[in-house]
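Residue-level structure breakdown
Okay, here's what each chain looks like letter by letter:
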Amino acid sequence: MDPVAVDILKSEEVVAGNTPAATPRSWYSNVLVVAAVLFAAVSVGFVGSIFWSSLPTWVHHGGTLLTSSAWVSPAGPFGGLSMITGTFETSIIALVIAVIIGLGTSISIVFFIPRRFRTVVATLVELLAAIPSVVYGLWGLLVIAPWMEVTVNPWLNKWPFAKTIFGNSGQEFGTSLLLASIVLGIMILPTFVAISREVIAVVPQDLQEASLSLGATRWQMIREVVLPTAKIGLFGATFLALARATGETVAVALVAGSVANAQFHLLYPGTSIAAWIATEFGESQGTEISALMALGVILMLLNVGLALISRALVSRQRKVLARV
Amino acid sequence: MTEIQAVPTTQVVTPRVRGPIEMQLKNVAVSFHGRTAVRDCTFDVEKNRVTSLIGPSGSGKTTLLRALNRLHDLTPGAKVSGQIILEGTDIYRGNLTVTELRTRVGMVFQRPNPFPTMSIYDNAVSGLRFNGIKKKSLLDEAAESSLRSAALWDSVSSRLKVAASNLSGGEQQRLCIARALALEPEVLLMDEPTSALDPVATLRIEELMTSLKSRVTVVIVTHNMQQAARISDDCAFLLMGEDRAGELIEFDTTEKIFNNPVDSRTLDYTLGRFG
């Protein structure tokens, strides 16, 4: 170390700086503290006001909201069951689509695509996340919906059990829960790929080589060493993608049909919590607003829960890799 | 470095009669994207002996070792030229699939790397499972015998289903050796297998290598010259050339390399004059 640096380290000011009480607070640290307090206050106020406005519904119609699917504007009753089931149906089907396609994409990007194309493909997939959701919604409505109506839905209706799963009423709708699921699946794909690719790519090279050195094929290496090692992180990616799907609003509002129906059939129009709030909010007042706020609370808790699970899983994966 | 080793011996050593050859290297060179990393490697690895590859960093020891079980195959731009012959078959051009080769030429890595999601037992038999062996009695037998060979059985036999990550570093490395031995390979490649271990664990691995000689030929890369002197029978000394490519300087019995080398650079290195 050069003598000047040593001198600075020894200088009284720096030594005094080690005891917090002795340092006078500069003006910018005060600004930062104020900003942090403001932010905390806004967060608490935000969450608090949503809970507060939803309170009447929880107190007087809490049971109806969770168990009934009849939503009658403007006087009630306000049953949220079909939005809740719609949210789960569309998100879970979307997740299945995204995980199957996404896992294949991630594995290909890491192991099979030549190195010089790797970044290009990865960037392209991740750019899908930058497309505004209203564009996805329009694309689903204008491009996929007519095709579903004319080609896919009649074909699906020919299958055994179609009536129980899809709802074969003889009428074909373009917008449906299935369409919403497909559009959602494509929308959450980049989220899943971005995280799962990373999780797969950081599996240590020497573990992979160890399996190859034991006579494993490339595919055995992926299936029995890479994926199990990355497993927890892959679940983390799955939950984060699920959180995105449950909260997605505009696209679902456009392609699901915005109908509060008491049914699970995939080819019927339906809605989700987020989409329903967006479509109903403008024309609602009084108790209906409170009911929508209550739906918002459910959605918020669901999303926060999923995000927490996802974060816990990703950090556990980090610990696993740290031990490897 | 001990002075005793450094004193050149004056006695005339009668050339040793060479034993059967396990692997022959003829003009082996490895390049990455056209840049040579190591070249001119010609020597014979004798059966049931420990051959060490020594030399300073950048001399291509590890690169050469990884060519011996075709681990460079997956590296884009990697090219291995020359011939590596295992029991009469050229491992790159001969009639031997890469997975078959790797079951005959096993590898132990620098970092103890048991598969983290597998138990001790599953790690030990993982090679057999990769190769399609499912019969439980066969797997049980292989697990026990390979763990015994790696001097690990007594300490783990009661907890075979425990995750391998619970073992100490030295135990993990012995598990990796057991994992490789379960396939009953002819050659065991070891890439600085003790560099991540403490001295006691290192000593145990060294003892293990000596005891394994009777059933497997060992090729070991080490940066530790005392280790090479202690455990190896033959020794290849590599050095980085003018163009930063590693090359073989000298190959002989370890005794000769350390006591009476032909090339002055070998002497300088073993004396610790550079490194």
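In this text, all values refer to a predicted model and were calculated from it rather than measured experimentally. (Residues numbered from 1 in each chain as written. Chains lettered and ligands numbered in written order. Predicted model: local features only at pLDDT ≥ 70, side-chain atom pairs only at ≥ 80, totals over all residues.)

Secondary structure summary: chain B contains 11 helices and 10 strands in total. Considering only C-alpha atoms, chain B reaches an extent of 55 × 40 × 35 Å along its principal axes. The buried share among the 275 residues of chain B stands at 46%. For chain B, long-range pairs separated by at least 24 residues make up 70% of all intrachain contacts whose partners lie at least 6 apart in sequence. (Helix = DSSP H or I, 4+ residues; strand = E, 2+ residues; numbered from the N terminus. Buried ≥ 20, exposed ≤ 12 C-beta atoms within 10 Å, placed from the backbone. Contact = placed C-beta atoms within 7 Å.)

When helices and strands are counted, chain A shows 13 helices and 0 strands. Reading chain A from its N end, one meets helices and strands in the order α-α-α-α-α-α-α-α-α-α-α-α-α. Along the longest, intermediate and shortest principal axes, the C-alpha atoms of chain A span 90 × 60 × 30 Å. Among the 324 residues that make up chain A, the fraction classed as buried is 39%. Within chain A, residue pairs in contact and separated by at least 24 positions form 76% of the contacts whose partners lie at least 6 positions apart.

Attention shifts here to the interface of chain B and chain A. The figure often quoted for interface size is the accessible area lost as the parts come together. The interface of chain B with chain A comprises 21 residues on the first partner and 19 residues on the second. Elements represented by at least two residues in the side of chain B that touches chain A include exactly helix H3 (98-104), strand E6 (105-108) and helix H4 (120-130) of chain B. Of the residues contributing to the side of chain B that touches chain A, the split by class is 8 nonpolar, 10 polar and 3 charged. (Nonpolar A, V, L, I, M, F, W, Y, C, P; charged D, E, K, R; others polar.)

With that settled, consider the sheet that holds strand E10 (residues 246-253) of chain B. Residue and element names in this part refer to chain B. Here we have 10 strands laid out as an open sheet, ordered E5-E4-E1-E2-E10-E9-E3-E8-E7-E6, and mixed in their pairing. Looking at strand neighbours, the two that pair on one side only are strand E5 (89-90) and E6, the edges of this open sheet. Here strand E7 (residues 187-191) pairs with strand E8 (residues 217-221) via 5 bridges, running parallel. Bridge pairing in E8 places Val 187 opposite Thr 217. (Pairing = 2+ DSSP bridges.)

Our next topic: helix H5 (residues 136-149) of chain B. Helix length check: H5(B) (14 residues) gives 20 Å between terminal C-alpha atoms against 20 Å at 1.5 Å per residue, within 8%. After H5(B) finishes, the residue B:Ala151 shows a positive phi value of roughly 55 degrees. (Expected span 1.5 Å × (residues − 1).)

To continue, consider the environment of A:Trp71. Residue and element names in this part refer to chain A. Mapped onto the secondary structure, Trp 71 falls in the loop between helix H3 (27-67) and helix H4 (81-112). Sequence spacing of Trp 71 and Phe 239 is 168 residues, and the spatial spacing of their C-alpha atoms is 30 Å. Once you skip the residues sitting within four places of it in the chain, Trp 71 turns out to touch Phe 78, Gly 79 and Ala 260.

Glancing now at the packing of helix H12 (residues 273-280) of chain A against helix H13 (residues 287-323) of chain A. Each pair of packed helices can be described by the angle between their axes along with the distance between the axes. Residues and elements named next belong to chain A. Where H12 meets H13, the closest approach of the two axes is 10 Å, and the angle between their N-to-C directions is 150 degrees. Looking at the two axes, H12 sits roughly antiparallel to H13. Crossing handedness for the pair H12 and H13: left-handed. Residues Ile 273, Ala 274, Trp 276, Ile 277 and Glu 280 of H12 touch H13, and the partners they reach there are Leu 292, Leu 295, Gly 296, Ile 298 and Leu 299. Classifying every residue of the contact of H12 with H13 by side-chain character gives 8 nonpolar, 1 polar and 1 charged. (Axes fitted to C-alpha atoms, helices over the stretch in contact; angles between N-to-C directions. Parallel < 35°, antiparallel > 145°, perpendicular 65-115°, else oblique. Left-handed = near helix turned anticlockwise from the far one by under 90°.)

Let's shift gears to the environment of A:Leu38. With respect to the secondary-structure elements, A:Leu38 resides in helix H3. C-alpha of A:Leu38 to C-alpha of A:Ser284: the two residues are 246 residues apart in sequence and 31 Å apart in space.

On to the packing of helix H10 (residues 218-247) of chain A against H13(A). All names here are of chain A. Their axes nearest at 8 Å, the elements H10 and H13 cross at an angle of 160 degrees. Between H10 and H13, the interaxial angle falls into the category roughly antiparallel. Here H10 and H13 pass one another in a crossing that is left-handed. Residue-level inspection shows Ile 232, Gly 233, Phe 235, Gly 236, Phe 239, Leu 240, Leu 242, Ala 243, Thr 246 and Gly 247 of H10 in contact with H13, the latter providing Leu 299, Leu 302, Asn 303, Leu 306, Ala 307, Ile 309, Ser 310, Leu 313, Val 314, Arg 316, Gln 317 and Val 320. Split by residue class, the contact of H10 with H13 holds 14 nonpolar, 7 polar and 1 charged.

Our focus in this paragraph is the pairing of E6(B). All names here are of chain B. The two faces of E6 match: Val 105 and Met 107 on one face and Gly 106 and Val 108 on the other face are all buried. Bridging between E6 and E7 involves 4 bridges; their strand directions are parallel. Following the sheet pairing, Val 105 is matched in E7 by Val 187.

Turning to unusual backbone geometry, a few remarks are in order. Residue and element names in this part refer to chain B. Positive phi is not limited to glycine here, since Ala 151 has a value of about 55 degrees. Residue position: Ala 151 is located in the loop between H5 and helix H6 (153-156). When the 18 C-beta atoms within 10 Å are taken as the criterion, Ala 151 is described as partly exposed. Although it is not a glycine, Glu 192 sits at a positive phi angle of roughly 45 degrees.

This brings us to the confidence of the model for chain B. Looking at chain B as a whole, its pLDDT mean stands at 91, while 94% of the residues score no less than 70. Under the prediction, the complex receives an ipTM of 0.89, its pTM being 0.83. (pLDDT = per-residue confidence, 0-100.)

Regions with low pLDDT should not have their predicted coordinates read in detail. The pLDDT averaged across chain A works out to 86; a share of 91% of its residues lies at or above 70. Taken element by element, the predicted model of chain A shows its lowest mean pLDDT in helix H1 (residues 3-10) of chain A (45) and its highest in helix H9 (residues 205-213) of chain A (95).

Residues and elements named next belong to chain B. Most of strand E3 (residues 50-54) sits out of view: 5 of its 5 residues are buried. Side chains Val 50, Ser 52 and Ile 54 project from E3 onto one buried face, and the interleaved Thr 51 and Leu 53 project onto a second face that is buried too. Pairing geometry for E3 and E8, over 4 bridges, is parallel. When the bridges of E8 are listed, Thr 51 appears paired with Val 219.

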